[in-house]
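# Coordinate inspection notes
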Amino acid sequence: MSTNMDNVEGNVPIEEHESDNEKSKPKRKRMKDRSEVWEHFIKEETHTGMEARCKYCGMRYKCGTKRNGTSPLWAHINRCRKYPYNTPKESKQSLLSFKSNKIESGCTSGLSYVKYDPTVIRKALSEMVIVDELPFKFVEGVGFKKFCNVMEPRFHVPSRITVAKDCYETFLTQKRKLKLVLKNCNSRVSLTTDTWTSIQQINYMCLTVHFVDNDWNLQKRILNFCPISSHKGEEIGKEIEKCLLDWELEKVFCITVDNASSNDTAIGYMRRKINGWKAGVLKGRFLHMRCVAHIVNLVVSDGLKIVNESITRVRQAVRFIKQSPSRLVRFKKCVVEEKINSKKLLCLDVPTRWNSTFLMLDAALVFEYAFERYSEEDPHYVIELNEREGKGCPTSEDWETVRRFSEFLQVFYDLTLRVSGSLHVTSNLFFHELVSVAVLLKDLMTNDDVEMCLMATKMKEKYDKYWGDPEKINMLIFIAVVLDPRYKLDYVEWMLIEIYDSKHAFVLVNNLKESLNALYEEYRGSSGDVIREEVSSSMDSSQFSPKQKKLQYGWTI
């Protein structure tokens, strides 16, 4: 039995087992060749043996031996970043990072954990495009993709179409949030709007809302930026109405516009609509607010015409220097030789904006002696300026005129900066600035300098056109100062008597008092009933004395 078993175990079964192995080898090879994983890999023979190279990322794996199966290849395909059908999977393990923001009180370090979330990264990408005003095709740049690959290799940079959709979704989300804030806001809102025409001859309108939120913080938001058919007042009014209906805004206090005649028509249209909504204050009496900065612009522009020749010569001199890089280099050499230590640079103005003219003159005055030296070194400077509009180089008289006028313009430039602020309330500053301008013009009208006197007279005429007629002045300019506990009504009355004649001052004071009383009655009628209901519902009147009951029901004592 043992011999037979030895024969069975030693000869016949072994030969059959070896033959089975030999027959099974080509079968295994055929099975490997037929595996679907080889649709994603290419076999290559190297000096170290056979290797499988990924078609997408180029990763190499050993293959061709018994120990190298297809399991590593399948594992690689499932996690390959460049395989187009792989979806990003959230990692179960968080990564440690140091917070860049402030550490909360009680914490000992800024070490925290973060998880890879492509949704958050895409949202941040869309916000970057919006905040930095980048074009959508920015995300398809080679440099940006390389940067993202270094920062987070797992993140797949979306196309510009996807980024555009993300930006629009961000806009809709923020719009819903702002609409909810405006709906729950306890205060009224004020609007500013302006229209202009682009170089493509397309008319645009921008509408901005200003309001004080429930935390007493001043807020400024752009509600709409849209094309309009024309600059006619009726079209502007309809577009403003359409925007307010879209945002569900009715409690509008005032609308600030420039002094174009079409804006008067637009405000009249909006006054009728807001009164129809029964949401106006005193039937829209204070709805039309003229832009103070624009009026200052018009006032100063009239004064600029008096000294136009001197300003024109300086402008032509600056333009000549900036027309050529070689001229600018030679001019800088003159600045060094004249030992002028200044970081200011020559700049050209926009003739329709007086503040840019002031900045041009203020910078040119510093380099007065450099201009004189340049005229001695470059003969073309004198010849060419004599042929231009100003008819010659700036003379010492021109520089003196420009210097006096620049000092005068400094007051209006500072005024414009103060009343144009958007991060703080400026309504209580308007009256003080108007008073300072009126006093300055009154002093200059009695000046011995004929040019300055003539200039002040021209500016005073334009000043009186907008702020001289009591019927055209919005009383909110004075009411804001009356409500300021530092000044009150007596101060405003005294200043009105100082800057206006007795007749106009009397009318303005009466209008101011009448407006204050009307506003008080308006707000008492709209809010008194609500307050009394809240007080009566929350308190038991039997707990109070007769004097306290009178206070509860709003009676006079």
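Summarised in this report is the structure supplied together with it. All residue numbers refer to positions counted from 1 along the written sequence of the respective chain. For a predicted model such as this one, the threshold for reporting local features is a pLDDT of at least 70, and the threshold for listing and counting side-chain atom pairs is 80 or more; totals across whole chains, interfaces and linings nevertheless cover every residue. To get the side-chain values, take all heavy atoms of the structure and skip hydrogens and water.

### Thoughts on the overall build of the protein
The condition that has to hold: Numbering of helices and strands starts at the N terminus; helices are DSSP runs of H or I of at least 4 residues and strands are runs of E of at least 2. Buried, partly exposed and exposed residues are distinguished by accessible area as a fraction of the type maximum, computed with a 1.4 Å probe on protein chains only: under 20%, between the cut-offs, and over 50%, respectively. What sets the accessible areas is the Shrake-Rupley method with a 1.4 Å probe; for residues, cover comes only from the shown protein chains.
A count of helical and extended segments in the protein gives 21 helices and 10 strands. Among the 557 residues that make up the protein, the fraction classed as buried is 36%. For the protein, the accessible area works out to roughly 35400 Å², and carbon and sulfur atoms hold 54% of it.

### As for the nonpolar core
Note the cut-off: Residues belong to a common nonpolar core when they are buried Ala, Val, Leu, Ile, Met, Phe, Trp, Tyr or Cys residues joined through side-chain atoms within 4.5 Å. Marked domain ranges trace back to an automatic or database domain assignment. In this analysis, two residues are considered to be in contact whenever any of their non-hydrogen atoms come within 4.5 Å of each other.
Phe-371 and Phe-478 are the most contacted members of the largest nonpolar core, which has 79 residues in total. Looking at this core element by element, the count peaks at 9 residues for helix H15 (residues 396-419). Here this core gathers at least three residues from each of two domains, domain 3 (187-289) and domain 4 (298-467). Other than its neighbours up to four places away in sequence, Phe-478 contacts Phe-431, Ile-473, Val-492, Leu-496, Leu-508 and Leu-512. Core analysis: the next-biggest nonpolar cluster, separate from the first, contains 28 residues, Cys-185, Ile-236, Leu-249 and Val-252 among them.

### Regarding the side chain of Thr-208
Inspection of the secondary structure assignment puts Thr-208 in strand E7 (residues 203-212). The class of Thr-208 is buried, set by a relative accessible area of 8%. In this structure, Thr-208 is in contact with Ser-190, Leu-191, Thr-192, Lys-220, Arg-221, Ile-222 and Leu-223, ignoring residues within four places of it in sequence.

### Comments concerning the packing of aromatic side chains
To keep it simple, the criterion reads: Only Phe, Tyr and Trp rings take part, Trp by its six-membered ring, and two of them pair if their centres are within 6.5 Å. Stacked means planes under 30 degrees apart, edge-to-face means over 60, and tilted covers everything else.
One pass over the full model with this rule turns up 21 aromatic pairs. Note on Phe-320 and Tyr-381: the rings are 5.4 Å apart at their centroids and 70° apart in plane angle, and the pair reads as edge-to-face. Residue Phe-320 is found in helix H10 (residues 308-322), and its partner Tyr-381 is found in helix H14 (residues 379-386); the two are separated by 61 residues along the sequence. Tyr-381 matches Phe-320 in its accessibility class, with the two residues each being buried.

### Quick notes on the pattern of salt bridges
Defined as follows: The salt bridge definition used is simple: a Lys or Arg side-chain nitrogen within 4 Å of an Asp or Glu carboxyl oxygen.
Using the criterion set out here, one finds 21 salt bridges in the structure. Where Glu-514 meets Arg-285, a salt bridge forms, and the shortest distance between an N and an O atom there is 2.9 Å. In this pair, Glu-514 is assigned in helix H20 (residues 502-538) and Arg-285 in the loop between helix H8 (261-276) and strand E10 (288-290), connecting sequence segments 229 residues apart. The partly exposed category is assigned to Glu-514, whose relative accessible area is 41%.

### Brief notes about unusual backbone geometry
For Glu-248, which is not glycine, the phi dihedral falls at a positive 60°. Position of Glu-248 among the secondary structure elements: in the loop between helix H7 (233-247) and strand E9 (252-257). Even without being a glycine, Lys-339 presents a positive backbone phi close to 60°. Within the secondary structure, Lys-339 is located in the loop between helix H11 (325-337) and helix H12 (354-366). Given a relative accessible area of 72%, Lys-339 falls into the exposed group.

### A look at empty space enclosed by the protein
To keep it simple, the criterion reads: Using only the protein atoms, space was sampled on a 1 Å grid; points where a 1.4 Å probe fits but cannot get out form cavities, open sets with protein on both sides within 12 Å along at least five of seven lines form pockets, and lining residues are those with an atom within 4 Å of a point. Grid points are joined across faces, edges and corners, and a volume is the space filled by probe spheres set on the points. Three classes are used: nonpolar for Ala, Val, Leu, Ile, Met, Phe, Trp, Tyr, Cys and Pro, charged for Asp, Glu, Lys and Arg, and polar for all others, with Gly counted as polar.
Counted by the stated rule, this structure contains 2 cavities of 30 Å³ or more. Estimates place the volume of the largest cavity at around 70 Å³. The wall of the largest cavity is formed by His-288, Met-289, Arg-290, Ile-295, Tyr-466, Trp-467, Lys-472, Ile-473, Asn-474 and Ile-477. Counting only elements with at least two residues in the lining of the largest cavity, the list comes to E10 and helix H17 (450-467). Sorting elements by how many residues they give to the lining of the largest cavity places E10 first, with 3 residues. For the lining of the largest cavity, the residue count by class is 6 nonpolar, 2 polar and 2 charged. Roughly 40 Å³ of internal volume is contained in the second largest cavity. Lining the second largest cavity are Phe-431, Leu-434, Tyr-463, Trp-467, Ile-473, Phe-478, Leu-496, Ile-499 and Tyr-500. Partitioning the lining of the second largest cavity into residue classes produces 9 nonpolar, no polar and no charged.

### Notes on the packing of helix H16 (residues 430-445) against H17
The geometry of a pair of packed helices is captured by two quantities: the angle between their axes and the separation between those axes. How we decide: Note on geometry: axes are C-alpha line fits, over the in-contact stretch for helices, and angles between N-to-C directions span 0 to 180 degrees. Crossing handedness follows the turn of the near helix against the far one: under a right angle anticlockwise gives a left-handed crossing, and clockwise gives a right-handed one.
Running from N to C, H16 and H17 point in directions that differ by 145°, and their axes come no closer than 8 Å. Helix-helix and strand crossings are classified by hand; for H16 and H17 the assignment is left-handed. In this structure, H16 contributes Leu-434, Val-437, Ala-438, Leu-441, Leu-444 and Met-445 to the contact, and H17 contributes Met-452, Cys-453, Ala-456, Thr-457, Met-459, Lys-460, Tyr-463 and Trp-467. Tallied by class, residues from the contact of H16 with H17 come to 12 nonpolar, 1 polar and 1 charged.

### Digging into the environment of Arg-404
Topologically, Arg-404 is positioned in helix H15. The exposure class assigned to Arg-404 is partly exposed, which follows from its relative accessible area of 24%. Put simply, Arg-404 and Met-452 are 48 residues apart on the chain and 8.7 Å apart in space, counted from C-alpha to C-alpha. Not counting residues up to four positions away in its chain, the partners in contact with Arg-404 are Asp-449, Glu-451 and Met-452.

### Notes on the side chain of Thr-357
You can see Thr-357 is positioned in helix H12. What Thr-357 contacts, discounting residues up to four positions off in sequence, is Leu-304, Ile-311, Arg-315, Asp-349 and Val-350.

### Topic: helix H9 (residues 292-304)
Formally: Working rule for helices: expected span equals 1.5 Å times residues minus one.
A rise of 1.5 Å per residue sets the reference length of H9, with its 13 residues, at 18 Å; its end C-alpha atoms lie 18 Å apart and thus fit the reference within 8%. Here H9 has its buried residues at Val-292, Ile-295, Val-296, Asn-297, Val-299, Val-300, Asp-302, Gly-303 and Leu-304. Buried residues along H9 sit in contact with E10, H10, H12, H15, H16 and H17.

### A closer look at the sheet that holds E9
Hydrogen bonds between backbone atoms are what pair the strands of a sheet, whose relative direction is either parallel or antiparallel. Heads up, the condition is: Each pair of strands is called paired provided DSSP finds at least two bridges between the two strands.
Judged by pairing direction, the sheet is mixed, and its 5 strands sit side by side in the order E8-E7-E6-E9-E10 without closing on themselves. This sheet does not close on itself; its edge strands, each paired only once, are strand E8 (218-227) and E10. When strand polarity is set aside, the average angle formed by the axes of neighbouring strands in this sheet is 25°. Two strands pair when backbone bridges link them, and E7 and E8 are joined in this way by 9 bridges, in the antiparallel orientation. Along E8, the bridge assignment pairs Tyr-204 with Pro-227.

### Points about the pairing of strand E2 (residues 49-54)
Relative to E2, strand E1 (residues 41-46) runs antiparallel, the two sharing 6 bridges. Within E2, the residue paired with Glu-45 across the bridge is Met-50. Adjacent in sequence and paired antiparallel, E1 and E2 are bridged by 2 residues. Bridge count between E2 and strand E3 (residues 60-62): 3 bridges; the pairing is antiparallel. Looking at E3, one finds that Glu-51 is bridged to Lys-62.

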